[in-house]
Amino acid sequence: MKRDRISDGVYVFTSGLYAEVTATVIFTDEGAILVDTLPFPQETRQVRDFIAQRRSKVLYVVNTHSHADHIYGTYLFPEAEVVAHYLCRRLMEKHAEAALAEAKRQTPQLAEVRIRYPELLFNEKMTLRVGGKTIELDYSPGHSRDVITVHAVEDRLMVASDTVMPVPYVVGGDLDDMIQSLLAIRQKGLENLVQGHGEVLLRGEIEETLDHNIQYLKNLDRQVREHIARGVPRTGILGITIEDCGLSRIPLGGLVQKLHQANLLTLYDAYRTEMRARR
Ligand SMILES: [Zn+2]
């Protein structure tokens with residue numbers, strides 16, 4: 001696992017075990033805020049030990065959405081209050097226990113994980129004031145319906161969760177919502193942006209990266225519709241490469257290519273259904 005100090009009292013941990021997923025610690029004089037908790041306890045414990053070594057304690061854990069790789073480590077912070085979107089809690093109540101039981105069958109390292117449910121919930125927006133820092137939480141749907149972002153206002157830093165990753169991933173989410181959420185982040189005037197997966201983005205590259213991601217989604221939308229109009233079959237849609245849509249296949253050890261293909265198939269199915277409904 002990698003640890004980077006990205007601003008005064010702000011550290012990002014990047015998993016070496018699962019898809020470069022990130023967890024972010026924001027220290028304040030009163031205590032720490034931990035945004036996301038990684039999937040594997042052995043890495044989450046390193047985050048917990050680091051916070052303890054700095055003689056701080058976690059006041060809040062933010063679950064940015066209900067996907068396993070962001071929430072499984074939460075049970076290791078029983079002293080903290082857990083914050084999330086209402087829909088995150090609702091989706092967890094529906095799916096988390098069954099999904100975890102299945103994951104444990106496949107992955108022995110998860111044996112001791114327990115689901116810890118968020119209890120401090122909101123809909124559109126919530127502000128935390130901790131130790132002189134202003135932390136704004138905003139609804140940011142697109143990747144899934146329950147994503148939130150975390151903006152440390154004085155640090156001009158945003159933990160953008162899976163709204164920003166090396167390829168926008170809309171399976172289980174919504175492409176138009178994703179574009180709106182990316183545009184909302186673009187307006188914030190940020191110094192640092194922590195992606196849900198992959199490298200931290202610095203000031204000079206944030207707007208350009210967001211623009212590329214928005215353009216990717218627009219290209220994807222247009223090209224899938226064009227292929228369907230031309231009668232290309234479902235598997236033929238995979239001929240649209242990630243480069244055709246304006247992004248690189250290199251990040252996340254090549255995983256982006258798989259995410260891109262899942263985007264293609266999901267949009268193909270959705271647009272076909274839409275077109276049939278119109279007839
Ligand atoms: Zn996710």
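Rules used throughout
Residues numbered from 1 in each chain as written. Predicted model: local features only at pLDDT ≥ 70, side-chain atom pairs only at ≥ 80, totals over all residues. Heavy atoms only, no water. Helix = DSSP H or I, 4+ residues; strand = E, 2+ residues; numbered from the N terminus. Rg over C-alpha atoms; globule rule 2.2 N^0.38 Å. Buried < 20%, exposed > 50% of the residue type's maximum accessible area, 1.4 Å probe, protein only. Lys, Arg positive; Asp, Glu negative; His and termini not counted. Charge placed at Lys NZ, Arg CZ, Asp CG, Glu CD. Axes fitted to C-alpha atoms, helices over the stretch in contact; angles between N-to-C directions. Parallel < 35°, antiparallel > 145°, perpendicular 65-115°, else oblique. Left-handed = near helix turned anticlockwise from the far one by under 90°. Contact = heavy atoms within 4.5 Å. Donors = N, O, S within 2.8 Å, 3.2 Å for Na, K, Ca; no water. Tetrahedral: all angles 85-135°; square planar, octahedral: opposite > 155°, others 65-115°. Core = buried A, V, L, I, M, F, W, Y, C linked by side-chain atoms within 4.5 Å. Domains from an automatic or database assignment. Phe/Tyr/Trp six-rings, centres within 6.5 Å; stacked < 30°, edge-to-face > 60°. Lys NZ or Arg CZ within 6 Å of the ring centre and 35° of its normal. Buried area = accessible area lost by both parts, 1.4 Å probe. Salt bridge = Lys/Arg side-chain N within 4 Å of Asp/Glu carboxyl O. Polar contact = N/O pair within 3.5 Å; in protein donor to acceptor, adjacent residues only side chain to side chain. Nonpolar A, V, L, I, M, F, W, Y, C, P; charged D, E, K, R; others polar. 1 Å grid on protein atoms, 1.4 Å probe; cavity = no way out; pocket = protein on both sides within 12 Å on 5 of 7 lines; lining within 4 Å. Points joined across faces, edges and corners; volume = space filled by probe spheres on them.

Undergrad: Outline the overall build of the chain, supporting the account with residue identities and numerical values.
TA: Each helix and strand counted, the chain has six helices and 13 strands in total. Here the C-alpha atoms of the chain give a radius of gyration of 19 Å, agreeing with the 19 Å that 2.2 N^0.38 yields for 279 residues. The dimensions of the chain, computed from C-alpha atoms along their principal axes, are 60 × 45 × 35 Å. Out of the 279 residues in the chain, the part that is buried amounts to 54%. Charge centroids of the chain, computed over 34 positive and 38 negative side chains, lie 3 Å from each other.

Undergrad: So what about the packing of helix α4 (residues 175-186) against helix α5 (residues 203-229)? Which residues, and what values?
TA: One way to put it is that α4 packs onto α5 with a least axis distance of 10 Å and a crossing angle of 165°. With respect to their mutual orientation, α4 and α5 come out roughly antiparallel. By crossing handedness, the relation of α4 to α5 is classed as left-handed. Packed against α4, whose contacting residues are Leu175, Met178, Ile179, Leu182, Leu183, Ile185 and Arg186, the element α5 presents Glu207, Leu210, Asp211, Asn213, Ile214, Leu217, Lys218, Leu220 and Asp221 at the interface.

Undergrad: Which residues make up the coordination of the zinc ion, and what are the values?
TA: At this site the zinc ion is bound by His65 (NE2), His67 (ND1), His143 (NE2) and Asp162 (OD), with donor distances of 2.2 to 2.4 Å. Coordination geometry of the zinc ion: the four donor atoms subtend angles of 86 to 175° at the metal centre, consistent with an arrangement described as irregular. Spacing between the donor residues of the zinc ion along their common chain follows H-x1-H-x75-H-x18-D. Of this pair, His65 sits in the loop between β5 (58-62) and α2 (68-71) while His143 sits in the loop between β9 (133-139) and β10 (148-152), placing them 78 residues apart in sequence.

Undergrad: Account for the nonpolar core, naming residues and giving values.
TA: Val164, Ile185, Leu193, Tyr216, Leu217 and Val224 are the most contacted members of the largest nonpolar core, which totals 35 residues. Within the residue set of this core, elements represented by two or more residues are α4, α5 and α6 (255-278). If you tally residues by element for this core, the top one is α5, at eight residues. Looking at which domains feed residues into this core, each of domain 1 (2-205) and domain 2 (217-278) gives three or more. Residue contacts for Val164: discarding those within four places in its chain leaves Leu182, Ile185, Leu193, Gln195, Gly196, His197, Leu201, Leu210 and Asn213. Judged by nonpolar contacts, the second largest core, of 31 residues, contains Val47, Leu76, Val82 and Ile115.

Undergrad: Explain the packing of aromatic side chains to me, using residue names and the numbers behind them.
TA: By the definition in use, this model includes four aromatic pairs. Its end group placed over the ring of Phe27, Arg54 keeps NZ or CZ at 4.4 Å from the ring centre.

Undergrad: Break down the domain arrangement of the chain for me, citing the residues and quoting the values.
TA: Per the domain assignment, the segments of the chain are domain 1 (2-205) and domain 2 (217-278). The C-alpha centroid of domain 2 is placed 28 Å from the C-alpha centroid of domain 1. Area buried by domain 1 at its contact with domain 2 is led by Pro166, Val167 and Leu175, which between them contribute 41% of it. Linking domain 1 with domain 2 are zero salt bridges. At the junction of domain 1 and domain 2, the tally comes to two residue pairs in polar contact (both at pLDDT 80 or more). Tallied by class, residues from the side of domain 1 that touches domain 2 come to twelve nonpolar, two polar and one charged.

Undergrad: Can you tell me about the packing of α5 against α6, naming the residues and giving the values?
TA: In contact at an axis separation of 10 Å, α5 and α6 are set at 55° when each is read in the N-to-C sense. One way to sum up the angle between α5 and α6 is to call them oblique. Of the two possible hands of crossing, α5 and α6 adopt the one that is right-handed. Between α5 and α6, the contacting residues are Tyr216, Leu220, Asp221, Val224, Arg225 and Ile228 on the first element and His260, Asn263, Leu264, Leu267, Tyr268, Tyr271, Arg272, Glu274 and Met275 on the second. Counted by class, the contact of α5 with α6 contains nine nonpolar, two polar and four charged residues.

Undergrad: How would you summarise the layout of surface pockets if you had to cite specific residues and measurements?
TA: Empty space within the largest pocket amounts to approximately 710 Å³. Lining of the largest pocket is provided by 31 residues; of these, Tyr18, Ser66, His67, Ala68 and Asp69 occupy positions nearest its centre. Listing elements by their share of the lining of the largest pocket, those giving two or more residues are α2, α3 (86-106) and α6. Each residue belonging to the lining of the largest pocket can be placed in one class, and the counts come to 19 nonpolar, nine polar and three charged.

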